[in-house]
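# Survey of secondary and tertiary structure
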Amino acid sequence: MISLTVNGERHDIDADPEMPLLWALRDLIKLTGTKYGCGIAQCGACTIHINGQPARACVTPVSAAVGTEIRTIEGLSPDATHPVQQAWIELDVVQCGYCQSGQVMAAAALLEQNPSPTDADIDAAMNGNICRCGTYPRIRAAVKRAAELKRGGQPA
Amino acid sequence: MSAAETGGPGSKPNSGRRHFLIGIGVIAGGVAAGQLLRPYLVGGSEAAPKEFKPHAFVRIGADDRVTVIIGKSEMGQGVYIGLPMILAEELDVNPQRLAVEIAGIDPAFNHPFMPAQFTGGSMSVMTTYEALRRVGATARRMIVQAAATEWGVPAAELRTEDGVVFAPDGRSATYGKFVEAASALPVPAKESVALKNRADFRYIGKPQRRLDSRIKVNGAAQFGIDVDLPNMLVAVVARPPQFGATVRSFDASQAKAVRGVVDVKQVPSGVAVIAEHTWAAIKGREALRVEWQDGPGATLSTESLRTERRALLARTGLLAKNQGDAIAALGEARRKIDVEYELPYLAHACMEPLNAVAWVKNERCEMWMGTQGQSQDAQLVAAALGIPPANVQINTTFLGGGFGRRASGASDFAVEAAHVAKGLNRPVKVVWTREDDTRGGYYRPFGLNRVQAAIGADGLPIAYFHRNVSKPVLANTALGSQMIPKDGLDPSTMEGSVDMPYAIPNLRAEVHNTKETVPSLWWRSVGHSGNGFVVNSVIDELANLAGQDPYRYRRALLAGKPRHLAVLDKAAGAASWGKLLPKGHFHGIALQESFNSIVAQVAEVSVSGKQVRVHRVTCAIDCGLAVNPDQVVAQMQSGIVYGLSAALTGEITIEAGAAVQSNFDTYPVLRLAETPAIDVHIVDSDGPLGGVGEPGTPPIAPAVCNAIHAATGQRIRRLPISASLA
């Protein structure tokens, strides 16, 4: 048995230590908001937070996640009110939506470390997250809007 | 979960209630839109006891809940707001209060042009607009009639607004009050129900926020790959290492030794490893030993395919268009070009790799997946299993991208899942890894084109002769194969070429159909994706030959076409065409009419060595009526990014009969830092309804390449640009 702490809850799972955290989250813990896109840390669809840092669940063995605080998209806020989620809704960022869990988690991690990111900061932090629908222009705008909201701006 | 509760797959076929529901707004209760009510609605118990359902598209509950049932698949293009708001306009309900239910297979949702439920061709709005309005207007009229009877007031004196009926004496009540009485009324003949004038629209033509945003930013939206059923297994399939190869033998002993692997079995497409969860299936496949039998395409390579195509280019092909006498005009012309344009195979690379859940039991099959072609899938799955099509039920989920790939030619991913599920008596989810998806074929065709074109004394074109060699896409689709006439001409091969809006008196098009083992398929904008590049590049070449400005040259060729000119002028004007640009920046322009919409784009580009940087794209579109303008903007942004990604680096090459590329490390796609600023301008128009999902894609590659020519003098005649600049 391997014990993981996900969104503040403890889960005991029967998994090989090398199983990627992505599949443990999705198939064993049944948190499917974290997406599979590439399996080789190329696309960012599986972005989660481990101890507050963005991480790619697809290349993180469960053994490396033992004893950490894992946060997934389901645990970002109880009701989609995190500033990043609010900004994404306000600017109608999503299209197919498949990459957006990872985009939102990457953006949330960015704003934790950098409350007022520049364009260059956003490019650098978000460049590992692929979106095939081309929502990038809105992601750029929404990260800035989320930063405003986080600093106390009012939702539109 | 529905199927578990009803005892097996398809035990309640065609139940109208077993579908995903998104976005719930209760008129009186003020519940925020976009909240997931529950993953599936089950049986009849969820229906309000009093419910008015005048048509398959809508139902109104006594609790005032208005649910619009949508038979089009949501793959990002916004049909779960664009279509509901059309119905809501005539029903007089704020679209933000609607719930949207994903339809099952029902002839009510068939495409008007074909007896099938299908999402593609940028046609969702244009083919449902009238019907959705009529249903909304009919439902509203019946509610009003019920109110008139109850209140003893003539219906003509009642008015409605946002789900409430108002009488002149001040009485008012929500629609829910009248659902029982309305249900007892006969449905009026549709011709007798008046529709609003465009000037009276409250919602159509004004931006409406998507209803699915909330569940797509909190992880709740369910895609096919997220479906989880009790007792479900997960499979991956070892497919041939080359297109057309087959299984000679396999040794499953080591695969079965992997913890979690349940079974290994051969299916027509390869060998399936079936396990308790995805990781075990993947590890099991790594341990599987398969001997493959080479097929007819074992030695195929991009080079051999190019050689075959080049040989065919020299020969007369099937005649696709002959207007005037292009050959004679070319023979007499003094200023002319004879050029070859190459377009590579392209994978769709949807963010969500292909997948499907199937449960086969008792001569029935129930499926859960993101698909663009429910009817075709059901027919082909039924045929594969030897059961009647009515015994196949398909539950459509959200699609993590489609771009044509999920309207799969032979329903490959659905049929394969059914084969894997056969005999298991348990639901099984077949998951494609990214590598499986990229190497799985059904690509935008590899096309070689030869264009001979000439200009007259005034510099304007007098002849255009386009010969195309590629594998036609419709031949690979069950529905499309019926659209190919006896002469073998796939109408999509030459779309956007010689039917261009640019005026050229002598036009000729010829086609050679190739038959390699690599499956081809429609890819966002289909024939326009290649032909838009060829035409707009050649027009630029002719402008250069004539010594004329490419924008003004296009203006001359679009004379007498005010809608095209308005779009071209808007893009050029907004981009400040001809004005001073930052040092080292250059403009390129293109215009393509596709799917009833006209789109022009100006790309601002700089080139440094082999590095191309696209700084800004200015886009103008005339799509007739922009139902949801902000989603039109979103689709232009989307089409530009998708097309730019392909133009810069997109290429599937073939070696030893197989795709060389496999994942995003070898098949790079556009990322945020490379994405240009994109300005979109919607040109007001009273033209017919046009599509928006695809028309943003064709102009970007030629606009960028024309800018590269302006910057460097190098004409890009082979995509991707990275291959030409290498």
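Reading the values: rules and limits
Residue numbering note: each chain is counted from 1, following its sequence as written. To label them, take the chains in the order written and letter them from A, then take the ligands in the order written and number them from 1. Note on the predicted model: pLDDT of at least 70 is required for a residue's local features to be given, and 80 or more for side-chain atom pairs to be given and counted; whole-chain, interface and lining totals, by contrast, use all residues. Only DSSP runs of H or I with at least four residues qualify as helices, and only runs of E with at least two residues qualify as strands; both kinds are numbered from the N terminus onward. C-alpha atoms define the radius of gyration, and 2.2 Å times the number of residues to the power 0.38 defines the globule rule. Partly exposed residues are those whose C-beta has more than 12 but fewer than 20 other C-beta atoms within 10 Å; with 20 or more the residue is buried, with 12 or fewer it is exposed, and the C-beta atoms are placed from the backbone. Whether two residues are in contact is decided by their C-beta atoms, placed from the backbone, lying within 7 Å. When DSSP locates at least two bridges between a pair of strands, those strands are taken to pair. Only the stretch in contact is used when a helix axis is fitted, and all axes are lines through C-alpha atoms; the angle between N-to-C directions ranges over 0 to 180 degrees. For every residue, the predictor states its confidence as a pLDDT score lying anywhere from 0 to 100.

Each helix and strand counted, chain A has six helices and five strands in total. For chain A, the succession of helices and strands along the chain, N to C, is β-β-α-β-β-α-β-α-α-α-α. Relative to a compact globule of 156 residues, whose C-alpha radius of gyration would be 15 Å, chain A shows 15 Å and is just as compact. Each principal axis of the C-alpha atoms in chain A carries an extent, and together these give about 45 × 30 × 25 Å. Buried positions account for 62% of the 156 residues belonging to chain A. A sequence separation of at least 24 residues applies to 62% of the contacts in chain A between residues at least 6 apart.

Before going further, it helps to spend a moment on the sheet that holds strand 4 (residues 53–56) of chain A. Residues and elements named next belong to chain A. The strand order 2-1-5-3-4 describes an open sheet built from five strands, whose pairing is mixed. At either end of the open sheet lies a strand with only one pairing partner, and these are strand 2 (9–13) and strand 4. Neighbouring strand axes in the sheet, compared pairwise and without regard to direction, differ in orientation by 40 degrees on average. Judged from the two bridges that link them, strand 1 (residues 2–6) and strand 5 (residues 69–71) form a sheet pairing that is parallel.

Before going further, it helps to examine the environment of Glu18(A). All names here are of chain A. Following the sequence through the fold, Glu18 ends up in the loop between strand 2 and helix 1 (21–28). Overall, the presence of 11 C-beta atoms within 10 Å leaves Glu18 in the exposed class. Considered as a pair, Glu18 and Ala64 are 46 residues apart in the sequence and their alpha carbons are 8.6 Å apart.

On the chain A side, the residues contacting the 47 residues of chain B number 45 residues. Of all the secondary-structure elements, those providing two or more residues to the side of chain B that touches chain A are helix 5 (213–217), helix 7 (278–287) and helix 16 (629–649) of chain B. By residue number, the principal contributor to the side of chain B that touches chain A is helix 16 of chain B, which donates seven residues.

Turning next to the confidence of the model for chain B. Residue and element names in this part refer to chain B. Averaged over all residues, the pLDDT of chain B is 92; the fraction at 70 or higher stands at 92%. Across residues 1–7, confidence stays below pLDDT 50; counting only partners more than four residues off in sequence or on other chains, it has 16 contacts. Every residue in residues 10–48 is under pLDDT 50, and counting partners more than four places away or in other chains gives 97 contacts. Taken together, the chains of this predicted complex give a pTM of 0.95 and an interface ipTM of 0.98.

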